[in-house]
Amino acid sequence: MSNARLKIVKRAVHEIKDGMNVNLGIGIPTLIANEIPSDYNVLLQSESGLLGIGPYPLEGEEDPDLINAGKETVTAIPGASFFDSAEAFAMIRGGHLDLTILGGMEVSEKGDLANWMIPGKKANGMGGAMDLVSGAKRVVVVMEHVNKKGEPKVKKECSLPLTGKEVVSRLITDLAVFDFSSEGMILKEIAEEVTIDELKKKTEANFSISPDLKTF
Amino acid sequence: MTKGKIMTSIDEAIHDITDGATIIVGGFGLVGIPELLIQGLRNKGVKNLTLVSNTCGVDDWGVGLLISNRQVKKVIASYAGENKTAEELFFNGEMEIELSPQGTLIERIRAGGAGIPAFYTATGVGTLVAKGKEHKEFDGKTYILERGITGDFAFVKAWKADPLGNLVFRKTARNFNPLAAMAGKITIAEVEEIVEIGELDPDQIHTPSIYVQRIVLGDSSLKRIERRKVRQV
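Please read these numbers as outputs of a predicted model, since none were measured by experiment.

> Any details on the pattern of salt bridges? Residues and values, ideally.
Enumeration over the complete set of coordinates arrives at 29 salt bridges over all chains. One salt bridge connects A:Asp179 with A:Arg170, and the closest N-O pair in it is separated by 2.7 Å. Here B:Glu107 ties to B:Arg110 by a salt bridge, and the two come within 3.1 Å at their closest N and O atoms. Taken together, the positions of B:Glu107 and B:Arg110, both in helix H5 (residues 102–113) and three residues apart, correspond to about one turn of that helix.

In structure tokens, the structure reads:
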């Protein structure tokens, strides 16, 4: 894992509280599962039809009928349940999930999220992401602050097709943590090694700074 | 064993599928896909199919076999990311892909099977998905109207069946299958094991027999794993 990703994962795990039902998206979010404190009773939900995802199986114990939403072989913890896809999305759409943590391509200052397609280049598809952002009680997005070319991914307006409009509650990057509300985008935490000036240069979106700004 | 709805071969099970048919196919990625029925359809060569499936499979497996063989006119799916051929055909305009959010897609299939022509959902409001669809406000929140889906046929994969067509699925291989079974005019179940009538506990049946018209034994399926992940001891 790169240092940037590790920083994001270590910060993002604090969003998960004991007793929560949580859906972790594909990519960086999946890595957060390993960091959840072992004494927490957290049930991880998967669109593939599982509430109670366990760790990856031991070699030789992989079950081709048991996967997570990223189609990786997984296990089920004691107390887990299996269900069909309509039920999986009734949980999601019906507001039964406490939290979803998703990856992002772009986030706008209004809390719009784009993470499912690049026109003319990649069709990909939204999978369950649009349902998750419209249904979960709280939507946290994790992503690297800039793209591979060093360009900002936190923008005034998303240039890519949206997954959801004004749906992000909190954005966690390797440089900062932002919250979104009717007053706009607020910087809540900044990475220890980063200055506000540096952050502003790498962020296209306008943001205000919380009076009790913390470092992480 | 009682014959019931049991077919003697894959070919018999799909004998009446013709060009232009709409087929709803169960599965999540490569898990719980009716792989022998898909291969049978590839060998049969029928064309201009409309497929309704969670994903486009991969280039050489799942419904991807039918896409690579140019048998598909249109796919309705939530994800096409693992299949390069599908993406190419889509961008060349040779095949249509209608992307539907996964929760909306499965509810459209469930609704179709349950006799509900359309329903409102908040999923996709403010995105490309909402374009051209009726918007309506309920209790201060905006929703869009989505249509139910039915198929001429549905292909499903189950773990166990009895000759009447009662089905039991296994773990996350259940996924789209019970809903697809409801929405097919003719639902064909490929199953790993067929047991006698009365052996399945009625309390444990996932899909009641009424939704299933044909059963075919598929005990030679490969169950390919898309992403094998293991942990160290």
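> Account for the pairing of strand S2 (residues 49–53) of chain B, with residues named and values stated.
Residues and elements named next belong to chain B. Summarising burial for S2: five of the five residues are buried, a large majority. Taking every second residue as pointing to the same face, both faces of S2 are buried, with Leu49, Leu51 and Ser53 on one and Thr50 and Val52 on the other. Taken together, the four bridges between strand S1 (residues 22–25) and S2 define a ladder with parallel strand orientation. Counted as the bridge partner of isoleucine 24 is valine 52 from S2. The parallel pair S1 and S2 is bridged by helix H2 (residues 35–44), and the resulting crossover is right-handed. Bridging between S2 and strand S3 (residues 72–77) involves four bridges; their strand directions are parallel. Considered in S3, the bridge of valine 52 is made with isoleucine 76.

> I'd like to hear about unusual backbone geometry, residue by residue, with values.
All names here are of chain B. In this structure, lysine 171 takes a positive phi of about 50 degrees despite not being glycine. Residue placement: lysine 171 occurs in the loop between strand S9 (167–168) and helix H6 (177–183). Accessibility expressed as a relative area gives 28% for lysine 171, which makes it partly exposed.

> Can you break down the sheet that holds strand S6 (residues 135–138) of chain B residue by residue, with the values?
All names here are of chain B. Read from one edge of the open sheet, three strands run S5-S7-S6, paired in antiparallel fashion. Unpaired on one side and paired on the other, strand S5 (118–121) and S6 mark the two borders of the sheet. Ignoring strand direction, the axes of neighbouring strands in this sheet form an average angle of 40 degrees. Alignment of S5 against strand S7 (residues 141–147), held across four bridges, turns out to be antiparallel. Each residue of the ladder has a partner; that of tyrosine 120, found in S7, is leucine 145. Along the sheet face, H5 touches S5 and S7 and points at about 150 degrees away from the line of S5.

About the cut-offs
Residues numbered from 1 in each chain as written. Chains lettered and ligands numbered in written order. Predicted model: local features only at pLDDT ≥ 70, side-chain atom pairs only at ≥ 80, totals over all residues. Heavy atoms only, no water. Salt bridge = Lys/Arg side-chain N within 4 Å of Asp/Glu carboxyl O. Helix = DSSP H or I, 4+ residues; strand = E, 2+ residues; numbered from the N terminus. Buried < 20%, exposed > 50% of the residue type's maximum accessible area, 1.4 Å probe, protein only. Pairing = 2+ DSSP bridges. Right-handed = clockwise from strand over helix to strand, strands pointing away. Axes fitted to C-alpha atoms, helices over the stretch in contact; angles between N-to-C directions. Contact = heavy atoms within 4.5 Å.

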